[in-house]
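Coordinate analysis (summary)
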Amino acid sequence: MNLNLKIWRQKSNSDKGKIVDYPISNVSEHMSFLEMLDVLNEGLISKGEEPVAFDHDCREGICGMCSLYINGEAHGPDRGVTTCQLHMRKFKDGDTIYIEPFRATALPVIKDLIVDRSSFDRIQQAGGFVSVNTSGNTQDANAIPIRKENADLAFDAATCIGCAACVATCKNASAMLYVSAKVSQFALLPQGEVEAKERVINMVNKMDEEGFGNCTNTGACEVECPKGISLDNIARMNREFLSANIKK
Amino acid sequence: MSMNSKVPDGEIKDKWTKYKDTINLVNPANKRNIDVIVVGTGLAGGSASATLAELGYNVKAFCYQDSPRRAHSIAAQGGINAAKNYQGDGDSTYRLFYDTVKGGDYRSREANVHRLAEVSANIIDQCVAQGVPFARDYGGLLDNRSFGGVLVSRTFYAKGQTGQQLLLGAYSAMNRQIARGKIKMYNRHEMLDVVIVDGKARGIIARNLVTGEIERHSAHAVVLASGGYGNVYFLSTNAMGSNVTAGWKAHKKGAYFANPCYTQIHPTCIPRSGDYQSKLTLMSESLRNDGRIWVPKHKKDVEAIKSGEIKAVDIKEEDRDYYLERRYPAFGNLVPRDVASRAAKERCDAGYGVNQTGEAVYLDFSSAINRYGKEQALLKGLDVNNEKTVADLGKDIVKSKYGNLFQMYEKIVDENPYETPMMIYPAVHYTMGGIWVDYNLMTTVPGLYAIGEANFSDHGANRLGASALMQGLADGYFVLPYTIGDYLSDDIRTGPISIDSKEFDEAEKTVVDTLNKLINNKGVNSVDYYHKKLGKIMWDKCGMARTEKGLKEAMTEIKNLREDFWKNVSVPGEVNELNTELEKAGRVADFLELGELFAKDALDRNESCGGHFREEYSTPEGEAERDDKNFSYVSAWEYKGEPSKAELHKEALNFENIEVKVRSYK
């Protein structure tokens with residue numbers, strides 16, 4: 001198929017940036033979206049032009065490195081996938097496709113479609129862990145049975161890949177879904193209970209400090225999340241946050 | 001010259017405990033004065049960084065991704081082995097040790113493997129304490145599944161995302177130390193050389209991938225946890241950025257490279273679909289617990305499938321060839337990966353491949369769906385003879401076990417694997433070879449360590465499923481943090497290592513010159529052009545079946561391709577900016593050298609073992625013929641200016657605790 005790509009080009013963070021048109025032909029429906037960009041880039045290189053810079057690594061939907069805002073949707077029109085798993089069969093011949101970076105104050109553009117997500121790491125550093133040393137003297141793994149239901153819910157929350165689609169999608173650029181996934185994972189497990197209070201307060205404070213917006217329950221994040229992280233986690237985090245502040 | 005592996009004396013089951021009791025320690029106050037660089041933040045690097053920082057060392061950790069959480073360990077699906085014997089099915093440390101040595105085709109170092117088996121149980125305890133949400137049963141206890149090449153259930157898992165959950169565990173442990181200031185994290189940085197001062201590894205040269213700046217970092221020891229080199233084949237299940245550069249630069253600075261030809265070709269990957277393809281996707285080995293692998297028995301059915309006249313489900317049971325169950329009745333679909341891959345290749349080469357390229361076999365879940373469905377129907381008091389009820393209930397169970405893998409398959413192939421068998425074909429997945437290390441995980445360069453997939457030590461010529469996660473975390477959490485202390489105890493009075501020395505000057509100059517050369521070359525071909533050509537040579541001549549003739553050709557072709565690369569490669573953009581093509585160019589330049597050493601190693605090893613299969617050394621039935629009399633050694637290659645001139649050093653392998661036998665899964 002033939003497509004008309006409109007891609008955000010920005011030399012560096014200080015550059016203003018603009019949309020540039022790139023027509024592309026002979027795109028196979030079996031290609032992934034990023035393979036289509038590979039083909040575009042090979043063409044640009046052969047003409048001596050600079051290829052479009054975009055983040056990607058595992059290309060199987062788990063590392064969370066790829067991003068892209070495609071026709072106004074984080075990770076494009078398909079559901080439950082990252083951009084690297086989006087296939088061109090979701091588009092049709094003659095389509096115009098807008099490709100932009102994830103946009104938020106807390107996710108500044110580095111170059112073209114690449115953004116800086118280090119704010120996400122800093123939120124985890126504020127409390128996204130259980131303080132246990134690697135001494136080799138921890139108790140036996142089966143010493144504390146955990147209800148299967150809770151273990152499964154903790155797992156579902158823990159599958160967040162930290163891609164920031166939730167932030168890019170949210171009209172408030174809120175990171176509540178991302179933060180609540182980690183808070184929930186630990187809140188549902190006995191191992192996380194000991195530090196639960198400090199964890200939720202510190203992570204939420206850090207989130208605010210980094211410039212992410214607040215949650216107004218539109219639910220857009222849940223729709224666009226490639227891993228199906230549930231809004232229930234935000235409710236759980238609000239409960240944890242409230243009770244932590246009351247107990248303070 | 002023979003290699004000294006520094007394995008301690010004594011009974012195998014006591015070696016590690018006794019060794020730990022007697023090696024030198026660094027006291028807590030002195031650890032604060034010692035810096036350690038860790039390159040790579042996967043399971044090995046992440047867990048090592050966290051543990052070294054907990055112990056009190058100052059750690060500088062580097063990764064090329066935008067966050068340590070994105071290292072490719074995250075993509076590991078099926079599980080992690082540990083000799084917990086929670087299932088009471090006769091598992092033990094010895095059995096895990098035995099299975100791993102046998103699975104590795106008797107080409108690994110006994111003492112290392114036993115240590116790995118010993119610490120495996122501790123890994124599970126540690127991860128649960130960190131809040132890793134492993135799968136549990138209704139009693140609230142941990143669940144297990146089986147993997148290839150073993151007869152017990154010892155694999156712990158978190159659906160098909162075990163690697164992700166374990167890596168996020170290590171990442172959380174790192175975050176705790178980053179917050180305390182004990183780890184300084186360098187994201188989007190790539191190591192481009194190791195710096196050696198007075199014969200010891202004392203630092204690295206790294207490129208800031210955002211600004212293009214070249215940086216000097218010093219430390220008292222350097223740990224490489226930079227993963228494997230499967231991307232030398234261009235197409236593999238590795239991440240796009242996975243590369244050999246850190247390991248190869250270390251090799252050129254004196255670290256011996258061991259067994260480069262031992263590559264794991266994983267039997268269950270999604271077949272390739274076209275020339276534009278950038279990578280291959282794995283379908284977890286855990287699927288072989290419930291999936292049955294087959295091709296049609298008759299060529300006429302193969303042709304009918306290819307022409308679209310019939311579909312897989314139309315072929316009757318008696319017209320299907322479940323070739324693994326036929327050839328290996330004892331292990332069936334759960335034979336080790338090398339055996340399963342070669343068997344698939346054998347059927348496809350014979351003309352029984354089931355897609356247009358002729359390179360695909362079926363992985364079928366219909367029996368499992370039926371079996372689980374009947375069990376559920378019985379439990380729920382429903383009609384076990386109602387096909388629809390049984391199928392629906394069975395699909396629910398299969399979905400709960402492998403849901404994310406089935407979804408991934410459907411997204412990529414656009415077929416529903418609950419209704420029609422998956423198509424799979426082998427693909428490059430893991431490299432057992434790597435930097436040579438001794439029992440301490442130290443390379444032949446003092447103060448330079450290699451852990452995880454980057455080293456060669458534990459898997460011999462073939463790795464068993466769910467053992468990579470085990471090895472990465474064992475090295476990082478429980479082995480290196482002890483052994484490195486023995487070396488660093490000599491450094492308590494050294495003080496900070498200066499970056500203003502002629503060694504750093506020289507290393508930086510080499511790096512800068514290479515980058516400038518690439519950018520100023522202004523040739524005619526893209527980096528990918530060369531990478532794809534190299535990949536084709538590797539797959540055709542150094543892939544699942546190798547011959548003397550093919551390997552000799554590969555060496556010449558790779559050398560010629562490398563010369564052409566340096567003449568005609570084109571890298572757009574500037575050095576001092578974010579430049580993804582420049583990053584790729586540096587990595588491919590190193591793959592073009594490694595590839596030649598790979599072929600040389602495969603040519604030198606006149607036997608078939610594990611992932612290394614030489615057609616000249618096989619039985620009439622196509623089984624591998626190992627030669628223990630002449631090749632029971634590790635090949636450790638010393639760099640001598642050109643890959644083809646590399647000098648071979650041998651580490652003899654002695655098996656005192658396991659009887660060396662012909663590996664049979666029949």
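Residues numbered from 1 in each chain as written. Chains lettered and ligands numbered in written order. Predicted model: local features only at pLDDT ≥ 70, side-chain atom pairs only at ≥ 80, totals over all residues. Heavy atoms only, no water.

**A word on the pattern of salt bridges**
Residue and element names in this part refer to chain B. Rule in force here: Salt bridge criterion: a side-chain nitrogen from Lys or Arg within 4 Å of a carboxyl oxygen from Asp or Glu. Here the term buried applies to any residue with accessible area under 20% of the maximum for its type, exposed to any over 50%, and partly exposed to those in between, with areas from a 1.4 Å probe on protein chains only. Per the convention used, a helix needs a DSSP run of H or I reaching at least four residues, while a strand needs a run of E reaching at least two, with both numbered from the N terminus.
According to the stated counting rule, one finds 82 salt bridges over all chains in the structure shown. Here R347 and E346 are joined by a salt bridge, their closest N and O atoms 3.0 Å apart. The buried category is assigned to R347, whose relative accessible area is 14%. The exposure class assigned to E346 is partly exposed, which follows from its relative accessible area of 34%. Of the charged contacts in the structure, one is a salt bridge between E553 and K541, with a shortest N-O distance of 3.1 Å. Taken together, the residues span a long stretch of sequence, with E553 in helix α16 (residues 548–568) and K541 in helix α15 (residues 527–541) at a distance of twelve residues.

**Overview of the pairing of strand β15 (residues 422–431) of chain B**
All names here are of chain B. In plain terms, the rule: Note on pairing: two strands pair once DSSP finds at least 2 bridges between them.
Taking burial as the measure, the ten residues of β15 include ten buried ones, the bulk of the element. Inspection of the sheet shows strand β11 (residues 263–269) paired to β15 by five bridges, in the antiparallel sense. Bridging across to β15, Q264 finds its partner in Y430. Of the strand pairs in this sheet, strand β14 (residues 361–364) and β15 are connected by three bridges, and their pairing is antiparallel. Within β15, the residue paired with Y362 across the bridge is M423.

**A short note on the packing of helix α7 (residues 245–252) of chain B against helix α17 (residues 580–604) of chain B**
Residue and element names in this part refer to chain B. Heads up, the rule is: Under this scheme, a helix contributes an axis fitted over its contacting stretch, all axes are lines through C-alpha atoms, and angles between N-to-C directions fall in the 0 to 180 degree range. The labels follow the angle: roughly parallel below 35 degrees, roughly antiparallel above 145, roughly perpendicular from 65 to 115, and oblique for the rest. Note on convention: near helix rotated counterclockwise from far helix by under a right angle means a left-handed crossing. Clockwise means right-handed. Note on definitions: a residue-residue contact is assigned when non-hydrogen atoms from the two residues lie within 4.5 Å. Each residue gets one label: Ala, Val, Leu, Ile, Met, Phe, Trp, Tyr, Cys and Pro are nonpolar, Asp, Glu, Lys and Arg are charged, and the others, such as Gly, are polar.
In the contact formed by α7 and α17, the axes pass within 9 Å of each other and the chain directions differ by 60°. For the element pair α7 / α17, the angle class is oblique. Regarding α7 and α17, the two cross each other, and that crossing is left-handed. Facing T245, W248, K249, H251 and K252 of α7, the residues of α17 in contact are G586, R587, D590, E593, L594 and L597. Split into classes, the residues belonging to the contact of α7 with α17 amount to three nonpolar, three polar and five charged.

**Details of the domain arrangement of chain A**
Accessible area lost upon the coming together of the parts serves often as the stated size of an interface. Residues and elements named next belong to chain A. Formally: The split of the chain into domains comes from an automatic or database domain assignment. Any pair of nitrogen or oxygen atoms within 3.5 Å is treated as a polar contact; in protein, a donor-acceptor pairing is required on top of that, and neighbouring residues in sequence qualify only through side-chain atoms on both sides.
Looking at chain A, the domain boundaries give domain 1 (3–110) and domain 2 (118–134 + 141–247). Taken together, the contact pairs 19 residues of domain 1 with 17 residues of domain 2. For the pair domain 1 and domain 2, the interface holds one salt bridge. For R79, the salt bridge is made with E224, and the minimal N-O distance between the two is 3.6 Å. Connecting domain 1 to domain 2 are two residue pairs in polar contact (both at pLDDT 80 or more). Here the residues of the side of domain 1 that touches domain 2 sort into ten nonpolar, six polar and three charged.

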